[in-house]
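Residue strings, one per chain:
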Amino acid sequence: MILQFLLLVIGLILLIKGAGWLVENSSAFARKKKISDLAIGLTIVAFGTSAPELVVNAVAAYQGHEDIVFANVIGSNNFNLLFILGVAGLISPLLVQQTTVWKEIPISLLAAVVLYFLVNDFFVDQEGSLGRWDALVLILFFLAFLFYVYKQLKDVPATSVGVEKEKSNTKIFGFIILGLAGLILGGRLVVESAMQIAGTLGVSEKIIGITIVAAGTSLPELATSVIAAFKKNNDIAVGNIIGSNIFNIFFILGLSALLRPIGYDAVFNTDLYLLFGGTALLFLFMFLGGKRTLERWEAGVLLLIYLVYTTYLVLKEI
């Protein structure tokens, strides 16, 4: 047990350090190439911080651990939206671009709605599942999202270029790779050690997936958004979360179901309802008080919702 706690601490250190390198050097690359931080947050940073979910889901799908597959993605998305944005918003009010309010947040809500209809099989007479045809639908949505981001690279004003020009591309990409490696290795250490600790305590696979695994694989997003919030880099802080949520559903679940069709337990519908409500609430918050700003009290509401709901899940399991 002591060894597992030690590995957990090492994993957290790798996550935080890796997130720091990723945010700093992704922003440097964005400014050198006159690409907005929002676009980088929605793509490179979002994909990098979603890597632990991708690894865990690929293995879980291949081995037939269906509850882990859905619990990891749906749980991670709720953790991202409610806990991470809550923490980041408490550190600093998050002012975001207009496109985030009117486009990226609605796209993340669309992703959850599409998943809900696919897994519940409303249009076919069979038990809920995510088959290979469903996976292709998710992948097509993912490709459409990438096309949207590509077009936005031309539409969003470039970030001003400063000292980042002094850093070579080789050094930038070197640190980005190191950052991604730290995130992936750190995420794996955190998840594996946490699962072993929880297994020793006799907790079920489903509750492990929706809490420990989901939170563990989302620690890169937490570290990345918290560091970005401290640096007042709001587009990375928010774009990372919204982008990761879109990646998780369209790409990671799509790829997981391509590897192996996944049976769906309708008990996860409650978690999807929470995701719907949380995303809609975030959209509403953008219009209250400061325009396009997640104020501290609003961030506190998101965080409180997550803590109350997670406590309810754990107590119900016990």
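A. Up close: the nonpolar core. One finds Phe70, Leu85, Leu130, Ile249, Leu282 and Leu294 to be the most contacted residues of the largest nonpolar core, which totals 90 residues. Not counting residues within four places of it along the chain, the set of residues in contact with Leu85 comprises Asn80, Leu94, Ala237, Val238, Ile241, Leu282, Leu294, Ala299 and Leu302.

B. Structural context of the packing of aromatic side chains. Under the definition given, this model contains 18 aromatic pairs. When the centroid spacing of 5.7 Å and the interplanar angle of 80 degrees are considered together, the rings of Tyr116 and Phe276 count as edge-to-face. Here the residue Tyr116 occupies a position in helix α5 (residues 98–120), and Phe276 occupies one in helix α11 (residues 269–285), the gap between them amounting to 160 residues. We classify Phe276 as buried; its relative accessible area is 18%. Within the aromatic cluster, the residues linked to one another by ring pairs are Phe142, Phe145, Tyr148, Phe247 and Phe251.

C. Just the environment of Asn77, in detail. Among the structural elements, Asn77 can be located in helix α4 (residues 66–91). The spatial distance from the C-alpha of Asn77 to the C-alpha of Thr279 is 10.0 Å, given a sequence separation of 202 residues. Filtering out sequence-adjacent residues up to four positions away, Asn77 remains in contact with Ser244, Asn245, Asn248, Ile249 and Leu275. At 3.2 Å, the side chain of Asn77 and the backbone oxygen of Asn245 are in polar contact. At 2.8 Å, the side chain of Asn77 forms a polar contact with the side chain of Asn248.

D. Spatial organisation of the packing of α4 against helix α12 (residues 296–317). The interhelical angle for the contact between α4 and α12, taken along N-to-C directions, is 145 degrees, at an axis separation of 7 Å. Crossing angle aside, the handedness with which α4 passes α12 is left-handed. Contact residues: Asn78, Phe79, Leu81, Leu82, Phe83, Leu85, Gly86, Val87, Gly89, Leu90 and Ile91 in α4; Arg296, Ala299, Gly300, Leu302, Leu303, Ile305, Tyr306 and Leu307 in α12. In the contact of α4 with α12, the residues fall into 14 nonpolar, 4 polar and 1 charged.

E. The arrangement of unusual backbone geometry in detail. At Lys232, a residue that is not glycine, the phi angle is positive and equals roughly 60 degrees. Within the secondary structure, Lys232 is located in the loop between α9 (219–230) and α10 (234–259).

F. Focus on the side chain of Asn25. Mapped onto the elements, Asn25 comes out in helix α1 (residues 2–32). By relative accessible area, Asn25 is classed as buried at 1%. Here the side chain of Asn25 touches Trp21 through a polar contact of 2.8 Å, landing on its backbone oxygen. Excluding residues within four positions of it along the chain, Asn25 makes contact with Lys167, Lys171, Ile172, Phe175 and Ile176.

G. Examining the environment of Ile246 more closely. Mapped onto the fold, Ile246 is located in helix α10. Classification of Ile246 by relative accessible area gives buried; the value is 0%. Note: C-alpha distance between Ile246 and Phe145 (101 residues apart in sequence) is 8.4 Å. Sequence-distant contacts of Ile246, defined by excluding residues within four places in its chain, comprise Glu104, Ile107, Ser108, Phe145 and Phe251.

Quick notes on the rules
Residues numbered from 1 in each chain as written. Predicted model: local features only at pLDDT ≥ 70, side-chain atom pairs only at ≥ 80, totals over all residues. Heavy atoms only, no water. Core = buried A, V, L, I, M, F, W, Y, C linked by side-chain atoms within 4.5 Å. Buried < 20%, exposed > 50% of the residue type's maximum accessible area, 1.4 Å probe, protein only. Contact = heavy atoms within 4.5 Å. Phe/Tyr/Trp six-rings, centres within 6.5 Å; stacked < 30°, edge-to-face > 60°. Helix = DSSP H or I, 4+ residues; strand = E, 2+ residues; numbered from the N terminus. Polar contact = N/O pair within 3.5 Å; in protein donor to acceptor, adjacent residues only side chain to side chain. Axes fitted to C-alpha atoms, helices over the stretch in contact; angles between N-to-C directions. Left-handed = near helix turned anticlockwise from the far one by under 90°. Nonpolar A, V, L, I, M, F, W, Y, C, P; charged D, E, K, R; others polar.

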